[in-house]
Amino acid sequence: MIRAQVLVLALPIALIACSKGTTPPLPYSPPASASSATMPGAPAEPLPPGHPPMGDMPPGHPPMGAAPGAGSAGGDAAASPKVTFTTPSTWVAETPSSSMRLAQYRVSRTAGDNQDAAVVVFWFGGGGGSIEANLERWYGQFTQPDGRPSREAAIVTKGTAGGMALTRVELGGAYSGQMGPGAPPAGGHQAGHRMVAAVLETPEGLLFVRLLGPEKTVRAATPSFDAYVTSAKKP
């Protein structure tokens with residue numbers, strides 16, 4: 001069920017596998033009705049205990065680009081992407097926990113999982129590193145149970161959404177939360193986690209959308225995540 005938030009005409013994402021594994025085209029049906037809105041700006045919030053200072057990112061993290069500005073994520077509000085999405089009604093909107101987050105949602109856990117999942121829309125002021133640098137960073141956050149490199153386990157696909165180029169990656173394993181290979185884990189390895197992330201090439205710069213949480217919950221939420229990403233629309 002899709003909550004009425006944003007009126008967008010979703011473009012189906014034509015995905016072509018470009019690393020090990022394949023992902024079929026993602027079907028998407030527009031909501032029956034929706035009202036127009038843009039993603040809210042993210043006020044600065046106190047960081048949780050143990051979180052690294054935002055001005056001193058761990059080794060391996062891509063450059064953050066411009067310094068965050070008031071009422072925006074990663075830069076001047078005028079420079080933020082003018083992209084709208086249609087938010088699934090099952091997602092619970094939360095106050096973004098940092099100024100780099102344009103939007104943040106909680107996805108209720110599936111039976112058998114002990115945590116909820118989270119969807120976050122990141123904006124680094126047009127910076128944040130290249131697509132490949134971010135893929136490498138995400139690979140470094142997961143450890144595979146069979147010991148193979150996460151790069152080999154990841155499914156990376158290319159497509160478009162709203163006339164914008166889109167790169168999608170899906171990866172599971174033990175999640176460490178570290179920012180890159182060799183960096184210390186943020187909260188220990190959490191087995192049985194999964195991530196689906198997308199990088200949208202907007203006119204203003206790269207926009208990052210990530211679904212992360214326990215395996216079952218993320219798998220159940222993947223269709224709604226794909227619908228959200230492929231509903232992206234420029235004004």
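Only a predicted model underlies this, so the values are computations on that prediction, with no experimental measurement involved.

A.B. asks: Before we go on, may I ask you to explain the overall build of the protein in this structure?
C.D. replies: When its secondary structure is counted, the protein shows three helices and nine strands. Element order for the protein, N to C, with α for helix and β for strand: β-β-β-β-α-β-α-β-β-β-β-α. Buried residues in the protein amount to 50% of all 235 residues. Expressed as a percentage of contacts within the protein between residues at least 6 apart in sequence, the contacts between residues at least 24 apart total 68%. On the protein, roughly 10500 Å² of surface is accessible, and the fraction owed to carbon and sulfur atoms is 60%.

A.B. asks: What exactly am I supposed to notice about the packing of aromatic side chains here?
C.D. replies: To describe a pair of aromatic rings, you give the distance between the ring centres and the angle between the ring planes. In total, this model carries eight aromatic pairs according to the counting rule given. Relative to Y228, the ring of F85 has its centre 4.6 Å away and its plane inclined at 15°; by these criteria the two rings are stacked. One end of the pair, F85, is in the loop between β1 (16-17) and β2 (92-94); the other, Y228, is in helix α3 (residues 215-230), with 143 residues separating them in the sequence. Here F85 and Y228 have matching classes, each one buried.

A.B. asks: Before we go on, may I ask you to explain helix α1 (residues 131-139) in this structure?
C.D. replies: For the α-helix, the turn length of 3.6 residues means that residues three or four positions removed from each other point alike. Taken residue by residue, α1 has I131, N134, L135, R137, W138 and Y139 as its buried positions. Turning to α1, the residues buried within the fold contact β5 (142-143), α2 (150-153), β6 (155-161), β7 (164-175), β8 (190-202) and β9 (205-214).

A.B. asks: Hey, could you run me through the nonpolar core in this one?
C.D. replies: Core analysis: the largest hydrophobic core is formed by 26 residues, its most contacted members being V119, L200, L211, F225 and Y228. Counting residues per element, the ones that place at least two in this core are β3 (101-107), β4 (117-123), β7, β8, β9 and α3. Leave out the neighbours within four places in its chain, and L211 touches V107, A117, A118, V119, R194, M195, V196, V218, A221, T222 and F225. Listed in part, the 21 residues of the second largest apolar core include F124, I131, W138 and L212.

A.B. asks: Looking at this structure, how should I read the confidence of the model for the protein?
C.D. replies: Detailed reading of the predicted coordinates is not advisable wherever pLDDT is low. Put simply, the protein has an average pLDDT of 74, and 62% of its residues get 70 or more. The low-confidence segment residues 1-47 (pLDDT under 50) makes 120 contacts with residues lying over four places distant or belonging to another chain. Counting interchain partners and residues more than four positions distant, the pLDDT-below-50 stretch residues 51-78 has 59 contacts.

A.B. asks: Before we go on, may I ask you to explain the pattern of salt bridges in this structure?
C.D. replies: Opposite charge on two side chains permits pairing when their charged atoms draw close. Overall, the coordinates contain ten salt bridges when judged by the stated rule. When the shortest N-O distance is used, the salt bridge between R106 and E94 registers 3.7 Å. Placement of R106 in strand β3 and of E94 in strand β2 is noted, with a sequence separation of twelve residues between them. A residue is classified by how much of its surface remains accessible, and R106, at 29% relative accessible area, is partly exposed. Its salt-bridge partner being D116, residue R109 comes within 3.0 Å of it at the nearest N-O pair. Assessed through its relative accessible area of 42%, R109 is described here as partly exposed. You can call D116 partly exposed: its relative accessible area is 24%.

A.B. asks: Please explain the pairing of β7 as it appears in this structure.
C.D. replies: Of all twelve residues in β7, eleven are buried, a share of seventy percent or more. Pairing of β5 with β7 involves two bridges; the strand directions are antiparallel. Following the sheet pairing, T143 is matched in β7 by A174. Here β6 folds back onto β7, and the loop between the two strands holds two residues, one of which, G162, carries a positive phi near 60°. The sheet contact formed by β7 and β8 spans nine bridges and is antiparallel. Along β8, the bridge assignment pairs Y175 with Q190.

Scoring rules and cut-offs
All residue numbers refer to positions counted from 1 along the written sequence of the respective chain. With pLDDT at 70 or above as the cut-off, local features in this predicted model cover only qualifying residues; side-chain atom pairs require 80 or more to be listed or tallied, and sums for whole chains, interfaces and linings still use all residues. Think of the side-chain values as coming from all heavy atoms in the structure, minus any hydrogens and water. Note on conventions: DSSP H or I runs of at least 4 residues are helices, E runs of at least 2 residues are strands, and numbering of each starts at the N terminus. Residue burial is assigned from relative accessible area. The probe radius is 1.4 Å, only protein chains are included, and a residue is buried under 20% of its type maximum, exposed over 50%, and partly exposed in between. What makes two residues a contact is simply this: any of their non-hydrogen atoms within 4.5 Å. Shrake-Rupley sampling with a 1.4 Å probe provides the accessible areas, and residues are treated as covered by the protein chains on show and by no other component. Any two of the Phe, Tyr and Trp rings considered here, Trp counted by its six-membered ring, make a pair once their centres fall within 6.5 Å; the pair's planes then place it as stacked at under 30 degrees, edge-to-face at over 60, or tilted in between. What is meant by a nonpolar core is a set of buried Ala, Val, Leu, Ile, Met, Phe, Trp, Tyr and Cys residues, joined one to another through side-chain atoms within 4.5 Å. Per-residue confidence from the predictor is given as pLDDT, running between 0 and 100. Salt-bridge detection follows one rule: a side-chain nitrogen of Lys or Arg within 4 Å of a carboxyl oxygen of Asp or Glu. Two strands form a pair only when DSSP identifies at least two bridges running between them.

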